Amino acid sequence: MKKKFDKYWYYRHSVQSPDLDVRFIRNCYRSLKKKEACIFREDFCSTFALSCEWVKLGRLCRSIAVDIDDRPLKYGKEHSLRQLSFDQQERLSVIHGDVLSCRTTKADIISALNFSYFVFKKRDDLKKYFLNCYKSLNKNGLLVLDCFGGSQCFEANEEQVDHGTFTYYWDQKSFDPISHHAVFHIHYKRRGEKKRKKVFTYDWRFWVIPEIKDLLKEAGFRKIHVYWEGTDKNGEGNGCFKRREKGEDCESWVAYIMSEK
Ligand SMILES: C[S@@+](CC[C@H](N)C(=O)[O-])C[C@H]1O[C@@H](n2cnc3c(N)ncnc32)[C@H](O)[C@@H]1O
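I will try to describe carefully the structure that is included in this document.

Thresholds applied
- Residues numbered from 1 in each chain as written.
- Predicted model: local features only at pLDDT ≥ 70, side-chain atom pairs only at ≥ 80, totals over all residues.
- Heavy atoms only, no water.
- Pairing = 2+ DSSP bridges.
- Helix = DSSP H or I, 4+ residues; strand = E, 2+ residues; numbered from the N terminus.
- Axes fitted to C-alpha atoms, helices over the stretch in contact; angles between N-to-C directions.
- 1 Å grid on protein atoms, 1.4 Å probe; cavity = no way out; pocket = protein on both sides within 12 Å on 5 of 7 lines; lining within 4 Å.
- Points joined across faces, edges and corners; volume = space filled by probe spheres on them.
- Nonpolar A, V, L, I, M, F, W, Y, C, P; charged D, E, K, R; others polar.
- Buried < 20%, exposed > 50% of the residue type's maximum accessible area, 1.4 Å probe, protein only.
- Arc of directions from axis to C-beta.
- Contact = heavy atoms within 4.5 Å.

Across the sheet, 4 strands lie side by side as S6-S7-S8-S9; this open sheet has antiparallel pairing. Pairing within the sheet leaves two strands with one partner each, and these edge strands are strand S6 (157-162) and strand S9 (195-205). Put simply, the sheet's adjacent strands are angled 15° from each other on average, direction ignored. Here S6 pairs with strand S7 (residues 166-175) via 6 bridges, running antiparallel. Bridging from a neighbouring strand, Gln 160 pairs with Tyr 169 of S7.

This part is about the sheet that holds strand S5 (residues 137-149). Strand-to-strand pairing in sheets goes through backbone hydrogen bonds, with the strands running parallel or antiparallel. Read across the sheet, 8 strands follow the order S3-S2-S1-S4-S5-S12-S10-S11 without closing on themselves; strand pairing throughout is mixed. Edge positions in the open sheet fall to strand S3 (92-96) and strand S11 (237-244), since each of these has one partner strand only. Adjacent strand axes in the sheet meet at a mean angle of 20°, parallel and antiparallel pairs treated alike. The pairing of strand S2 (residues 62-67) with S3 spans 5 bridges and is classified as parallel. Paired with Asp 67 across the two strands is His 96, which belongs to S3.

Here we come to the layout of surface pockets. Leftover empty space is mapped by rolling, across the atoms, a probe with the size of a water molecule. Taken as a whole, the second largest pocket encloses approximately 370 Å³ of empty space. Around the second largest pocket sit 16 residues that line it, and Arg 12, Ala 49, His 79, Ser 80 and Gln 83 are the ones nearest its centre. Of all the secondary structure elements, the ones that give two or more residues to the lining of the second largest pocket are helix H1 (7-14), helix H3 (49-55) and helix H4 (70-79). The element contributing the most residues to the lining of the second largest pocket is H1, with 4 residues. Broken down by class, the residue content of the lining of the second largest pocket amounts to 7 nonpolar, 5 polar and 4 charged.

As a further point, take H1. Among all positions of H1, only Tyr 8, Tyr 10, Tyr 11 and Ser 14 are buried. Projected down its long axis, H1 shows its buried positions confined to an angular sector of 160°, all on one face. Close packing links the buried residues of H1 with H4, S7, strand S8 (181-190) and S9.

In short, the description is geometric, and any link to function would need to be established separately.
In structure tokens form, the structure reads like this:
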């Protein structure tokens, strides 16, 4: 275990699966568009883990990573970028900017994962973001969002996951039914140490799928597909997401929303 507490390392190892994510996204694009995606833009990229995985997929794969906060970008440059080959590094650009207004090379895919677009609390701001994505996509482009919900999300609650040497906590502090504003914290506890509270905090609006779909349509997206998670024999999520017209009402779920330009 690392001695110094490195919050981005813990985030990467408790929240993200960038290698699986880029493969899932690439396969969805393939099956929807019947062609290969080359240019991938990772919005709200933080330490741009997905962008690093994308350029590993092949010599034609290029990534553009965008975040408004310089600190995770700097971390990504110092830690992840250096681990790529020179050729892979050449195919990755990092942009310190606002996803509401940034202008980038047109992408085949834009992803905004881990619910990051929930940061936009006003309808106009979320629509502005979707319009920017629409403009920044190639004609065959695909916008990939994730979304979460379920009855559990409408009240304060805390979940924890044991990762052996440390425990990860996802703490929903509040939910306001009038505004749908909700505050979340991520805490960590390394074995034998005190719990480190509020390592990451998110002050979000809880958007629901029908609202998101309406805004995507208003921004110009032609086809919007929801990928819902399948279940194993115990009724638990099996990590396999398929296009569905109807979901299942459960305590807590995660889904992907794929929007075609
Ligand atoms: C929840 S983290 C997402 C990390 C990563 N995308 C993931 O999948 O785990 C949210 C990130 O969004 C960034 N962010 C928030 N508002 C932004 C904006 N308007 N433009 C660009 N990045 C923004 C924050 O700096 C932060 O790094």
